[in-house]
Amino acid sequence: MSTDTAAPETPTRPRIAGRAPARPAPAAAVHSVSAVTLVLLGLVAIGTAIHEPVLIPPLAASAALVHSVPTLPFSQPRSVVVSHLLAAAAGYATLAVAGAGSAAAAVAAGVTLALTTLARTPHAPACATAVVIVLQSPSPARFVPLLFGASIVLVLMEFVLSRIRRAAPRYPSYWW
């Protein structure tokens, strides 16, 4: 007979909670939300001034990623700018070959992922840019320069906004 009084072991269960990142400090959360909102409002202001839609959903996703995880490779200027341009090429090429439609949009997103992987410019929101092109068929002469300019503005605004809060990580980790 054992005199051991240790509690019996409970079987280990997979952790459902606890793997998520820590909740940010209130000041960091306010800075994050404010910075992304300012970037997006900046794109809206530019679009209003030139009477063209500059803010598209993929750029909103880009702004959120760039500000939320500014040190990861897919948030760097090279990935943001080049991936959206590659997505435009994939979107317009798919549109020319397969026409508009959901299946063609899915193919354009896959081609974008392949191109951005090969170019070492990963950036998931770019896949959505290709989808927008295939489903909306915007004029390339208008859309591509606006997309390029908006991605540059997004990167430059994030550069500035990352320096406002002293404790924020500096953006970018590298330019090219």
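One can find the structure itself at the top, above this paragraph.
Residues numbered from 1 in each chain as written. Predicted model: local features only at pLDDT ≥ 70, side-chain atom pairs only at ≥ 80, totals over all residues. Heavy atoms only, no water.

For the rest of this paragraph, the subject is the overall build of the protein chain. Helix and strand counts for the protein chain come out as six helices and zero strands. Starting at the N terminus, the α and β elements of the protein chain follow one another as α-α-α-α-α-α. The 176 residues of the protein chain split such that 37% are buried. Within the protein chain, counting contacts between residues at least 6 apart in sequence, those at least 24 apart form 72% of the total. Per element, the accessible surface of the protein chain, about 10,400 Å² overall, is 69% carbon and sulfur. (Helix = DSSP H or I, 4+ residues; strand = E, 2+ residues; numbered from the N terminus. Buried < 20%, exposed > 50% of the residue type's maximum accessible area, 1.4 Å probe, protein only. Contact = heavy atoms within 4.5 Å. Areas by Shrake-Rupley, 256 points an atom, 1.4 Å probe, with all protein chains shown as cover.)

Position of Tyr174 relative to the elements: it lies in the segment after helix H6 (140-161). Put simply, Tyr174 and Gln76 are 98 residues apart on the chain and 6.5 Å apart in space, counted from C-alpha to C-alpha. Excluding its chain neighbours within four sequence positions, the residues that come into contact with Tyr174 are Pro73, Gln76 and Pro77.

The biggest cluster of nonpolar side chains holds 24 residues, and the ones touching the most others in it are Leu59, Ala63, Val80, Tyr92, Phe143, Leu147 and Leu154. Of all the secondary-structure elements, those providing two or more residues to this core are helix H1 (26-50), helix H2 (57-68), helix H3 (77-98) and H6. Residues contacting Leu147, with those up to four places away along its chain left out, are Ile56, Leu59, His84, Ala88 and Thr129. Judged by nonpolar contacts, the second largest core, of seven residues, contains Ala104, Ala105, Ala108 and Ala126. (Core = buried A, V, L, I, M, F, W, Y, C linked by side-chain atoms within 4.5 Å.)

Turning to empty space enclosed by the protein, a few remarks are in order. Scanning the model with the defined rule gives one cavity of 30 Å³ or more in all. Quantified by volume, the largest cavity comes out at close to 40 Å³. As for the largest cavity, its lining consists of Pro53, Val54, Ile56, Leu59, Phe143, Leu146 and Leu147. Among the elements that take part in the lining of the largest cavity, H6 stands out by supplying three residues, more than any other. Residue classes in the lining of the largest cavity are distributed as seven nonpolar, no polar and no charged. (1 Å grid on protein atoms, 1.4 Å probe; cavity = no way out; pocket = protein on both sides within 12 Å on 5 of 7 lines; lining within 4 Å. Points joined across faces, edges and corners; volume = space filled by probe spheres on them. Nonpolar A, V, L, I, M, F, W, Y, C, P; charged D, E, K, R; others polar.)

Everything listed is a geometric property; what it means functionally is a separate question.
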